[in-house]
Amino acid sequence: MMDFQQRFKTSPEVIASAPGRVNLLGEHTDYNDGFVLPTAIPQRTTVAIGFSADDRHHFYSVELNESVAVVPADSPPQGFASYVYGCIRVVETAGHPVPPLAVFVTSSVPIGSGLSSSAALEVAVLRGLRSLLQLDLDDVKLAQLGQQAEMQYAGVSCGILDQMACSLADSEHMLFLDTRTLDRQLLPFPTGAEMVVIDSGVARSLATSGYNQRRAECEAAAHQLGVKALRDVTDPQQVASLPEPIRRRARHVITENNRVLKVLAGISAPEFGALMNASHASLRDDYEVSVPALERLVEILQAMPDVFGARLTGAGFGGACVALVAAGQAQAIATNALNLYNRAGYNGRILVG
Ligand code: ADP
Ligand code: MG
């Protein structure tokens, strides 16, 4: 990598990368011990890693045009360096000393758009460390270290979905993941289909408070139903005794888990699209995490020919929508849908398509 050489005046020892991800089905199920179904997006984060010329770590990000030097004995850095340093520290804590490093980061994953640029960065760095230091780490352990780095050093209380997806998924498959047991299966992407992801351009302003409230509602529902997590309830009839709104919240989680499980049997693109549409309706009506912009965008996508299905993806309250469309049509559909959407006064953009 030429840029690494220019910046650090030496050659990298290893180059590693990891993709961003989008969740196709299974929303707000991960913190209920449930099932998720992400896939990798084409965009990737790449890191080049070499040895530092002094006793500090040096990190550089092309996208942020930011350079950070970290003295290992000092307090941990903030910002983007916290993700990179966090990966180094969790590897050290796992018993593998890490020498001072030069780390060069570059990425095509949109940052902060819900496509998991953070986990792509962690998995890329950890893959780089794995080959540089010849660590005996499998892809699941690597994902778990990435999650630890994000929780302990970036201060984000995240589930395991993002890191597992970035570590184990590819863009020809969907990753079925049981977030309780970490049992997983790579399923073929529906035949004759590809995906489109469009950012609504609406910031997820209520996302944190809304997210925390939904988590608390799910915990309350599980408690009242006498189960460890909502994952343990499979029949939506069982929520009948719960008070509103937790009855609807629980119903979303149960029906959403059942939708993901249906995919395991093997499924056509139109059937998959119908599950996505049902997932969106459930997120809107039962989970109440949609907003007018997402409604508009999903409505536009669902009404277009060659669209099998569309839904909001991620926590909601803004963010992106994902659609399953006929193979070869992603670009045209994304462009047309975005035009219609932006003509309605929004400022969306195509993320995949
Ligand atoms: P998302 O994961 O949805 O993209 P997050 O807020 O979880 O959004 O993570 C974004 C953060 O991850 C950025 O603010 C930055 O600190 C770090 N990050 C991701 N990609 C890069 C990159 N290419 N260069 C530097 N930092 C990055
Ligand atoms: Mg993230």
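The structure reproduced in this document is the subject of the present report. Here the structure is a predicted model, which is why all the values come from computation and not from measurement.

## With respect to the nonpolar core
Now for step 1: If you look at the biggest cluster of nonpolar residues, it comprises 62 residues, and the most contacted ones within it are Leu37, Val47, Phe59, Leu129 and Phe272.
Now for step 2: The residues that make up this core include at least three from each of domain 1 (4–185) and domain 2 (190–352).
Now for step 3: With near-sequence residues (within four places) excluded, leucine 129 lies in contact with Ile49, Cys87, Ile88, Val91, Val98, Leu101, Gln134 and Leu135.
Now for step 4: Val233, Ile300, Ala334 and Leu338 belong to the second largest nonpolar core, which has 39 residues in total.

## Some details on the environment of glutamate 288
Now for step 1: Locating glutamate 288 in the fold gives a position in the loop between helix H8 (269–285) and helix H9 (292–303).
Now for step 2: For the pair glutamate 288 and glycine 316, spaced 28 residues apart in the sequence, the C-alpha separation amounts to 8.8 Å.
Now for step 3: Residues within four places of glutamate 288 in sequence aside, it is in contact with Arg214, Arg248, Arg249, Leu283 and Phe317.
Now for step 4: Of note is the side chain of glutamate 288, whose polar atom sits 3.1 Å from the side chain of arginine 248.

## Considerations on the site of ligand 1
Now for step 1: Looking at ligand 1, there are 17 residues lining it, with Ser61, Glu63, Gly112, Ser117 and Ser118 nearest.
Now for step 2: Glycine 114 is positioned such that a nitrogen or oxygen atom in its backbone is 3.1 Å from an oxygen atom of ligand 1.
Now for step 3: Expressed as a share of its isolated accessible area of 560 Å², the protein-covered part of ligand 1 is 80%.
Now for step 4: Where the shell around ligand 1 is concerned, the elements lending two or more residues are helix H2 (80–93), strand E5 (101–107) and helix H3 (117–133).
Now for step 5: Among the elements that line the shell around ligand 1, the one with the most residues is H3, at three residues.

## Points about the packing of aromatic side chains
By convention here, two paired aromatic rings are described through the distance between centres and the angle between planes.
Now for step 1: Per the stated rule, a full pass over the model turns up six aromatic pairs.
Now for step 2: Ring centres of tyrosine 31 and tyrosine 211 lie 5.3 Å apart, and the angle between their planes is 75°; on these two criteria the pair is classed as edge-to-face. In this pair, tyrosine 31 is assigned in the loop between strand E1 (14–25) and strand E2 (35–51) and tyrosine 211 in helix H6 (residues 207–225), connecting sequence segments 180 residues apart.
Now for step 3: An angle of 85° between the planes, with centres 6.1 Å apart, marks the rings of tyrosine 85 and tyrosine 153 as edge-to-face. You can see tyrosine 85 sitting in helix H2 and its partner tyrosine 153 sitting in the loop between helix H4 (139–152) and helix H5 (161–168), a full 68 residues away along the chain.
Now for step 4: A cation over a ring is seen here: arginine 214 above tyrosine 287, with NZ or CZ 6.0 Å from the ring centre.

## Let's talk about unusual backbone geometry
Now for step 1: In the segment running from glutamate 244 into proline 245, the intervening peptide bond is cis, with an omega of 5°.
Now for step 2: Positive phi, normally seen in glycine, also occurs at aspartate 306, with a value near 70°.
Now for step 3: With respect to the secondary-structure elements, aspartate 306 resides in the loop between H9 and strand E9 (307–313).

## Observations regarding the pairing of strand E6 (residues 173–178)
Now for step 1: With five of its six residues buried, E6 lies for the most part within the structure.
Now for step 2: Sheet analysis places E2 next to E6, joined by two bridges and oriented antiparallel. Across the sheet, residue valine 36 finds its bridge partner in E6, namely leucine 177.
Now for step 3: With five bridges joining them, E6 and strand E7 (residues 184–188) adopt antiparallel strand pairing.

Parameters at a glance
Every chain is numbered on its own, with residues counted from 1 as its sequence reads. All chains are assigned letters beginning at A, and all ligands numbers beginning at 1, according to the order in which they are written. Local features in a predicted model are, by the rule used here, given only for residues with pLDDT of at least 70; side-chain atom pairs are given and counted only at 80 or more, and totals for whole chains, interfaces and linings are based on all residues. Where side-chain values are given, they derive from all heavy atoms of the structure, hydrogens and water being excluded. Note on terminology: a nonpolar core comprises buried Ala, Val, Leu, Ile, Met, Phe, Trp, Tyr and Cys residues joined through side-chain atoms within 4.5 Å. Buried means the residue's accessible area, taken with a 1.4 Å probe over protein chains only, is under 20% of the maximum for its type, while exposed means over 50%, and partly exposed covers the values in between. An automatic or database domain assignment supplies the residue ranges for each domain. Only heavy atoms enter the contact rule, under which two residues are in contact if any of them lie within 4.5 Å. Numbering of helices and strands starts at the N terminus; helices are DSSP runs of H or I of at least 4 residues and strands are runs of E of at least 2. As used in this structure description, the phrase polar contact means that two N or O atoms lie within 3.5 Å; if the pair is within protein, one of them must be able to donate a hydrogen and the other to accept it, and residues adjacent in sequence are counted only when both atoms belong to side chains. Throughout, the term near means that a residue has one or more heavy atoms lying within 4 Å of the molecule or strand in question. Per-residue and other accessible areas were derived by the Shrake-Rupley procedure at a 1.4 Å probe size, with only the shown protein chains allowed to occlude residues. Any Phe, Tyr or Trp ring, taking Trp's six-membered ring, that has another such ring centre within 6.5 Å forms a pair; planes under 30 degrees apart are called stacked, those over 60 apart edge-to-face, and the others tilted. A ring is scored as having a charge over it whenever the NZ atom of a lysine or the CZ atom of an arginine sits within 6 Å of its centre and within 35 degrees of its normal. Being paired, for any two strands, means DSSP has found at least two bridges between them.

So yeah, pure geometry; function would need other evidence.
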